[in-house]
Amino acid sequence: MVDMRLPPEELVTGDRSRLALALQSDFAYQFRRAPVAVVSFAVTLVLVLGALFAPLIAPFDPFDPASLNLMNGFSRPMTPNAFTGDSFWLGTDDQGRDVFSTILYGMRISLFVGASAVLFAMVLGITLGLLAGYVGGWTETIIMRVADVQLTFPSILVAMLIFGIAKGITPVEYRDQMAIWVLIIAIGLSDWVQFARVVRGATLVEKNKEYVAAARLIGRSGPAIMVRHILPNVLSPVLVIATISLALAIIAEATLSFLGVGAPATKPSLGTLIRIGQDFMFSGEWWILFFPAATLLALALSVNLLGDWLRDALNPRLR
Amino acid sequence: MKQTHIMTTPILSIRNLTVDIPTRHGVLRPVNGVSYDVAAGEILGVVGESGAGKSMAGNAVIGLLNPPAHIASGEILLNGQRIDTLPRDEMRRLRGKQIGVVFQDPLTSLNPLLRIGDQLTETMLAHLDISPSEARKRAIAALEEVGIPGAAQRVDSYPHEFSGGMRQRVVIALALCAEPSLIIADEPTTALDVSVQAQIIALLKRLCRERGTAVMLITHDMGVIAEAADRVAVMYAGQLAEIGPVREVLAAPIHPYTDGLMGSTPLASRGKDRLHQIPGAMPRLDALPPGCAFHPRCPYTQDDCRADPGPRIEDGAGRAACFHPISRTEVA
Amino acid sequence: MLAYTLQRIFQSAIVLLVVGLVAFSMFRFVGDPVDNMLGQERTIEDVERLRGQLGLDQPFVVQYFRFLEGAVQGNFGVSYRQGRPVAEILLERAPATLELAAVSGFLAIGFGIALGVFTAIRRSGFAANAIMTVSLIGVSLPTFLIGILLIYLFSVELGWLPSFGRGETVKIGNWSTGFLTESGLKALILPAITLGLYQMTLIMRLVRSEMLEVLRQDYIRFARARGLRERAVNFRHALKNTLVPVITVTGLQLGSIIAFAIITETVFQWPGVGLLFINAIQFVDIPVMAAYLMLISVMFVGINLIVDMLYFAIDPRLRADRTGAH
């Protein structure tokens, strides 16, 4: 049995030189001409950098109980607290945690889960797609049937179900620790089908080309050829699907966490923060809900718009 | 030789028609100062290579140019009345009622989800003041007239239940069902089997003779022209190159382009000469040569052809738009 | 057509069997049912007796078929958390979800098609462009945020509509409906909009792009050339052809509405099966999860089957292809 799995980094860097060339040409030109794309990219970049450097930017560490002062609870944004006189940019929550800091750390978790889930889905989808397209026969039938059945169900439902099952399997004492990883696997597993379909399609086309037969004649292995020639071909659709999937994965993560079946309160993502904030909406502490919600919205919208633009720019056929 | 078109008011008169398409790289002119008439009961064949502007002229007449294409100048008269300036809704009422259209591909011209009877009755009801049951009767009669066997049953069939040739008959029935005085047939036989082409042409010819309908028959097929048309208008790069009675033009073309076209068409009447081809290709609309558009490919080119666009055929006066028409006494 | 229908039913049955296997495996392997049903104080005899009762000592395949047998009869076991038969709980909760889903579905389809047609016909108009831009934001908005936004606006700020629950319901037989009381109807508004909005934007965008494609077709041009009114061209000719591909996606969207009801029900504390499912996940109540999975699969597979059959009703070409002798 030939090993068809690929190390993930090869997928990403496999054709960087060609991508770099594209970046210098039409692609970059189109990008500069599309204000929506530029703005979305800028917003995404700011948010991602904010999440990456959260420990440097955030004025407080929301996970460090020592830095919390319950007296600071429910501080309004930009106004000094009545008891302590401390002032917080975006206010504090009930436990006196700085909302700005929790958002930065929350975004870190949201982005980490989203990106990891998409990477997982991508690796899985590409592998299964290559396998289905190249091996054919029963392997293909089984993989594509599973894909069809899974497509019948909304991915958020699949993710919930996987999360639920995984939660049932993990021992109670590890559940909170494992939650993030379970979340990544659940969202990733619910999202591989798109990748698999595109890659399989490309493989079927490529498989019958003469150079593959020729390369086999001179003794090169089929799978190696597939990987070398198909991955570059599917790079742009995969990139488009990955970007759109990222927006969907971020939303999925937020939704699951909001529903209480995602990131735990000890490691709150944006969704968890919104879940917590919702309770304070009725009592007038709007900022605890508003700022995490606005951040999630900005993140999801800008990544989505970026994906939308990318799809039009890279692959007009997908429109 | 028929002279009817000169004696009576023509059904359709096109005068100096120019169609423009503004693009980023400048204005294209697919139809450039074209004039011709079509009389009642007459079939005018409009012939030319693809991109010569023949279809574009037809679209201009029915007022269905795809934006940004538009009529830049000239006049279109139907029964002596000017129609190119009509408001949208009046133009809509004219289509189908006064001008019937037959498009190239019968497979895509009919709505696949509607019964052909419904498509016929909706057309009649849009234009004629008749009851739905009367429309249905007429629909069956129209199908019989175009030679659909078992019309009374077939009227409730869907388009996919007919063959290509039968569908084109349905399309012709649709074009004629509101009794228009002009039919514009845009490549009506191109998409059909060769064996069916002659039947469709014969049908079109018979129906128009019977009703005295004028026909503008747009095609690139000289065979179709020879078989069906009374007169022929030859278009090249948006301009009218030559116009005249079909026998004269076919037998003794005087524009060098028509001559070349004849030379490259296998016609039984022309004997066993070898086919020759015109060197080069028709210029693209964004790269027209100065002077006469045909001069780079013309064997008779002289200095004036390169410098000046050449004469134009206006009001049917003159037969060929050429400085140096072929003198038939020399050649033949 | 009969052969095709049978083939589709056969495929659906296989999908259901597979889903059943997943549900059964959950039952059997995720957490030990015996552990869950017996407390800490138990004897080995107790365990053995219960294993025998539950049939856990039988071979896997036998157990699977017994599970399926039970499922077909509506027997999904007993909820670990509530200690009541799952079927009973589901039946009690179903009307809330179905009423919510039905109203949302109507909203989504009605407005989705209407706006889709509008934006296609007036595709360069200001209103159409504005709708398209807003819809892109709508697609990016997570459902639960829409719900929260609506609650904030209409419940907290304006105080017009309730923010949670179903209001008063009336019992008709086993069915509890919120359609017959004022508070029931009021309570339905915000959840229905929340649930329908996303599907509406999807349907709208789909109708628009399909309609634009259809408007480019020859038969539309020919219909214009025959002098038909713009209205007849757009609705009689274009819309009907647009609906063929729209039906599939719309059908699947209806399935999603049931699934997305989970989110809406959580936001509005709507006492339906979705909220039940979420609670089941939180408390690892496997029988409820398995039953929900089976139930929703039957629904999805059924919807897919109906969508396939609808194709035949709309497109005469398919009817001919399938009935005609090959």
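To start, this report covers the structure provided alongside it. Sequence order sets the numbering: in each chain, residues are counted from 1 along the sequence as written. Lettering for chains starts from A, numbering for ligands starts from 1, and both go in the order in which the items are written. The model is predicted, so local features are restricted to residues of pLDDT at least 70 and side-chain atom pairs to those at 80 or more, both for listing and for counting; the totals for chains, interfaces and linings are taken over all residues.

**Describing the pairing of strand β4 (residues 70-78) of chain B**
- Where strand β1 (residues 12-23) of chain B lies against β4 of chain B, seven bridges are found, and the strand directions are antiparallel. Along β4 of chain B, the bridge assignment pairs Asp20 of chain B with His70 of chain B. The criterion for strand pairing is that DSSP finds at least two bridges linking the strands in question. The helix and strand labels rest on DSSP assignments: H or I over at least four residues marks a helix, E over at least two residues marks a strand, and numbering proceeds from the N terminus.

**A look at the interface of chain B and chain C**
- Contact between residues is assigned whenever the C-beta positions, reconstructed from backbone atoms, fall within 7 Å. Residue-level contacts link 25 residues of chain B with 20 residues of chain C.
- Elements supplying a minimum of two residues to the side of chain B that touches chain C: α3 (88-94), α4 (106-109) and α5 (116-127) of chain B.
- If you tally residues by element for the side of chain B that touches chain C, the top one is α5 of chain B, at four residues.
- Any residue that is not Ala, Val, Leu, Ile, Met, Phe, Trp, Tyr, Cys, Pro, Asp, Glu, Lys or Arg is counted as polar, Gly included; the first ten are nonpolar and the last four charged. The residue makeup of the side of chain B that touches chain C, split by class, is 11 nonpolar, seven polar and seven charged.

**Looking at the sheet that holds strand β2 (residues 26-38) of chain B**
All names here are of chain B.
- One open sheet holds the four strands; their spatial order is β2-β1-β4-β5, and the pairing between them is antiparallel. The open sheet has two free edges, formed respectively by β2 and β5 (81-82), since each of these has just one partner strand.
- Direction of pairing for β1 relative to β2: antiparallel, over a ladder of eight bridges. Each bridged residue has a counterpart across the sheet, and for Ile14 the counterpart in β2 is Tyr36.
- For helices, the fitted axis covers only the stretch in contact; all axes are lines through C-alpha atoms, and the angles between them, taken along N-to-C directions, range from 0 to 180 degrees. Sheet strands touched by helix α2 (residues 54-62): β1, β2 and β4. Its angle to β1, the strand with the most contacts, is close to 105°.

**Notes on helix α10 (residues 230-267) of chain C**
Residues and elements named next belong to chain C.
- Compared with an ideal rise of 1.5 Å per residue, which puts 38 residues at 56 Å, α10 spans 44 Å between its outermost C-alpha atoms and falls more than 12% short.
- One axis is fitted to the seven residues ending at the residue and one to the seven starting there. The bend at that residue is the angle between these axes. When the local axis directions of α10 are compared, the greatest deviation, roughly 40°, occurs at Val246.
- Immediately beyond the C-terminal end of α10, within one or two residues, lies Gln269, with a positive phi of roughly 45°. To estimate the expected span of a helix, count its residues, drop one, and scale the result by 1.5 Å.

**Focus: helix α9 (residues 175-189) of chain A**
- Where α9 of chain A bends most, the angle comes to about 30°, and this point is Trp181 of chain A.
- For α9 of chain A, every residue scored as buried is listed here: Ala179, Val182, Leu183, Ile184, Ile185, Ala186, Ile187, Gly188 and Leu189 of chain A. Neighbour density around each residue's C-beta defines its exposure: 20 or more other C-beta atoms within 10 Å make it buried, 12 or fewer make it exposed, and counts between make it partly exposed, where C-beta atoms are placed from the backbone.

**Topic: the sheet that holds strand β10 (residues 239-245) of chain B**
Residues and elements named next belong to chain B.
- Pairing within the open sheet is mixed, and its six strands lie in the order β6-β7-β8-β3-β9-β10. Edge positions in the sheet fall to β6 (99-102) and β10, since each has one partner strand and no second. Averaged over neighbouring strand pairs, the angle between their axes works out to 15° when direction is ignored.
- Bridge analysis of strand β7 (residues 182-186) against strand β8 (residues 214-219) gives five bridges, and the strand direction is parallel. What sits directly across from Ile183, in β8, is Val215.

**Some words on the pairing of strand β9 (residues 231-236) of chain B**
All names here are of chain B.
- Burial analysis of β9 places six of its six residues in the buried class, the great majority of the element.
- Taking every second residue as pointing to the same face, both faces of β9 are buried, with Arg231, Ala233 and Met235 on one and Val232, Val234 and Tyr236 on the other.
- Pairing of strand β3 (residues 43-47) with β9, which is carried by four bridges, proceeds in the parallel orientation. Across the sheet, the residue bridging to Val47 is Val234, located in β9.
- Bridging between β9 and β10 involves six bridges; their strand directions are antiparallel. In the strand pairing of β10, Ala233 is matched with Ile243.

**Regarding the environment of Ala23 of chain C**
All names here are of chain C.
- Its place among the elements puts Ala23 in helix α1 (residues 2-29).
- We classify Ala23 as buried; it has 25 C-beta atoms within 10 Å.
- When the C-alpha atoms of Ala23 and Ile286 are compared, they prove to be 8.9 Å apart, with 263 residues separating the residues in sequence.
- Aside from chain neighbours lying at most four places away, what touches Ala23 is Ala290, Leu293 and Met294.

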